[in-house]
Amino acid sequence: MRLSVKHLVVDRGARRIVDDLSFAVEAGEALVLVGPNGAGKTTVIRTVAGLIGVAGGSIALEGGDAERELPAQAHYIGHLNALKPSLTVEENLRFWAAYLGGGAVDGAAIDAALLAFDLEPLAMIPAGYLSAGQKRRACLARLIATPRPLWLLDEPTVSLDAASVALLAKQVGQHVAGGGLVLAATHIPLGLASERRLEIGMRSAAA
């Protein structure tokens, strides 16, 4: 499987944010976008996720499910945690598992997600009572609750302490070790052996 982005052009209003950007992410690899604020890292990830339209170029998940569009084969984690405050941590995970999995909920996967991000003691607590870091971990846990091959992570370490960053790094490492793909923008190195970095904010081409 391979994420292929070729000659990507993205405009926001009258401003060109991304111009002629090409790169690829292979199965078993994590690509980290780096660059100054405003360079377009978030725009690139949101565009790959299908949340922003392209003005030119192409995005394809080669070797993926031909019957499903790319966004349906990806997890997107953005700046917002997308948790319902009145639902418990477990209920939020079950909601997202049902939504992302077409109605199906795997109880074992929910348990694995809670364990992966040290959320078992918080499972029955409404999300509205959680700290910022706990909310972030609850958000990230849906990566495990509903497996998808491509992870799109935009500043996933926001609000996380060092121990929680280590939990995330472990899950990302296991995902790529199993042949998954990761496209991320983060200011905190995750220390992955398969991590590759791509500078954006200027014309770039990396295949």
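This structure is a prediction, so every number in the text was calculated from the model and none was measured. (Residues numbered from 1 in each chain as written. Predicted model: local features only at pLDDT ≥ 70, side-chain atom pairs only at ≥ 80, totals over all residues. Heavy atoms only, no water.)

Our focus in this paragraph is the layout of surface pockets. Roughly 340 Å³ of volume is contained in the largest pocket. Along the wall of the largest pocket there are 16 residues; nearest its centre are His75, Tyr76, Trp96, Leu100 and Arg142. Within the residue set of the lining of the largest pocket, elements represented by two or more residues are strand S5 (74-77) and helix H2 (89-100). (1 Å grid on protein atoms, 1.4 Å probe; cavity = no way out; pocket = protein on both sides within 12 Å on 5 of 7 lines; lining within 4 Å. Points joined across faces, edges and corners; volume = space filled by probe spheres on them. Helix = DSSP H or I, 4+ residues; strand = E, 2+ residues; numbered from the N terminus.)

Once that is clear, we can look at the packing of aromatic side chains. Under the definition given, this model contains three aromatic pairs. Between the aromatic rings of Phe95 and Trp96, the centroid separation amounts to 5.4 Å while the plane-to-plane angle is 80°, which identifies the pairing as edge-to-face. With a centroid separation of 6.3 Å and an interplanar angle of 10°, the aromatic rings of Phe95 and Tyr99 are classed as stacked. Of this pair, Phe95 and Tyr99 both sit in helix H2, separated by four residues, roughly a single helical turn. In this structure Phe95 comes out as partly exposed when scored by relative accessible area, which is 34%. Judged by relative accessible area, which is 59%, Tyr99 ranks as exposed. One aromatic cluster is present, built from ring pairs that chain together Phe95, Trp96 and Tyr99. Lying across the ring of Phe95, Lys84 places its NZ or CZ 5.1 Å from the centre. In this structure, Arg142 is placed above the aromatic ring of Trp96, and the distance from its NZ or CZ to the ring centre is 4.5 Å. (Phe/Tyr/Trp six-rings, centres within 6.5 Å; stacked < 30°, edge-to-face > 60°. Buried < 20%, exposed > 50% of the residue type's maximum accessible area, 1.4 Å probe, protein only. Lys NZ or Arg CZ within 6 Å of the ring centre and 35° of its normal.)

Another point: the pairing of strand S6 (residues 150-154). Burial of S6 is extensive: five of the five residues sit out of reach of the surface. What you see with S6 is no split at all: Leu150, Leu152 and Asp154 on one side and Trp151 and Leu153 on the other are buried throughout. Examined bridge by bridge, S5 and S6 share four bridges and lie parallel to one another. Within the sheet, the bridge partner assigned to Ile77 lies in S6 and is Leu153. Sheet topology places S6 next to strand S7 (residues 181-185); five bridges connect them, and they run parallel. The residue bridging Trp151 from the neighbouring strand is Val182, located in S7. In terms of handedness, the path from S6 via helix H6 (residues 162-177) over to S7 forms a crossover that is right-handed. (Pairing = 2+ DSSP bridges. Right-handed = clockwise from strand over helix to strand, strands pointing away.)

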